[in-house]
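# What the coordinates show
Each chain, written out:
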Amino acid sequence: MRGMGNMQGMMKQMQKMQKKMAEAQEELGEKRLEGIAGGGMVKVVVSGHKEVLEVVIDPSVVDPEDVEMLQDLVVIATNEAMKQAEELTNSTMGQFTKGLNLPGMF
């Protein structure tokens, strides 16, 4: 029955790890990351869960004759914020998958 003790110990370790992962996920959701474009004229704020929370556009960059530029700035700022969120997710959640080759996990 010695193998059962190892199995129970492993299950307890897995439960602890699941709890820590859930806590880390919750903390990620509370993080706010900013992407900025146009020298600060456009700012996009996302959560650690990669949800857009806020878009701030300086009125001086709003030009009805050049909507494309504003659209480009919003895309640039959004992509920058999302990249930061992805990096934060990888560094935070990566600690749980070290040594495991689980494609697509984080």
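Coordinates for the structure precede this section.
Description of the structure in this document. For every chain, the first residue of the written sequence is number 1, and numbering continues from 1 onward in sequence order. Totals for whole chains, interfaces and linings use every residue, but because this is a predicted model, local features are given only for residues with pLDDT of at least 70 and side-chain atom pairs only at 80 or more, for both listing and counting. The side-chain values count all of the structure's non-hydrogen atoms but skip hydrogen atoms and water molecules.

### What to know about the nonpolar core
L33, A37, V42, V44, V46, V61, L70, L73, A77, A81 and A85 together form the largest nonpolar core, which totals eleven residues. Of all the secondary structure elements, the ones that give two or more residues to this core are β1 (32-37), β2 (42-47) and α2 (67-97). Broken down by element, the residue count for this core peaks at five residues, all from α2. Here, two residues are considered to be in contact whenever any of their heavy atoms come within 4.5 Å of each other. Setting aside anything within four residues of it in sequence, one finds L33 in contact with V44, V45, V46, S47, G48, A81, Q84, A85 and L88. M21, A24, L28 and F96 belong to the second-largest nonpolar core, a separate cluster that totals five residues. Joining through side-chain atoms within 4.5 Å is the link that ties buried Ala, Val, Leu, Ile, Met, Phe, Trp, Tyr and Cys residues into a set, and such a set is a nonpolar core. Buried residues are those whose accessible area, probed at 1.4 Å on protein chains only, stays under 20% of the maximum for their type, while exposed residues exceed 50% and partly exposed ones sit between those limits. Helix and strand definitions follow DSSP, with helices as H or I runs of at least four residues and strands as E runs of at least two, each counted in order from the N terminus.

### Considering the environment of E54
Note that E54 resides in strand β3 (residues 52-57). Placed eleven residues apart in sequence, E54 and K43 show a C-alpha to C-alpha distance of 8.0 Å. The residues touching E54, leaving out its near neighbours within four places in the chain, are R32, K43, V44 and V45.

### Some remarks on the environment of A77
By the secondary structure assignment, A77 is in helix α2. Assessed through its relative accessible area of 0%, A77 is described here as buried. Taking C-alpha positions, A77 is 7.8 Å from E34, a pair spaced 43 residues apart along the chain. Look past the residues within four positions of A77 in its chain and what remains in contact with it is G35, I36, A37, V42 and V44.

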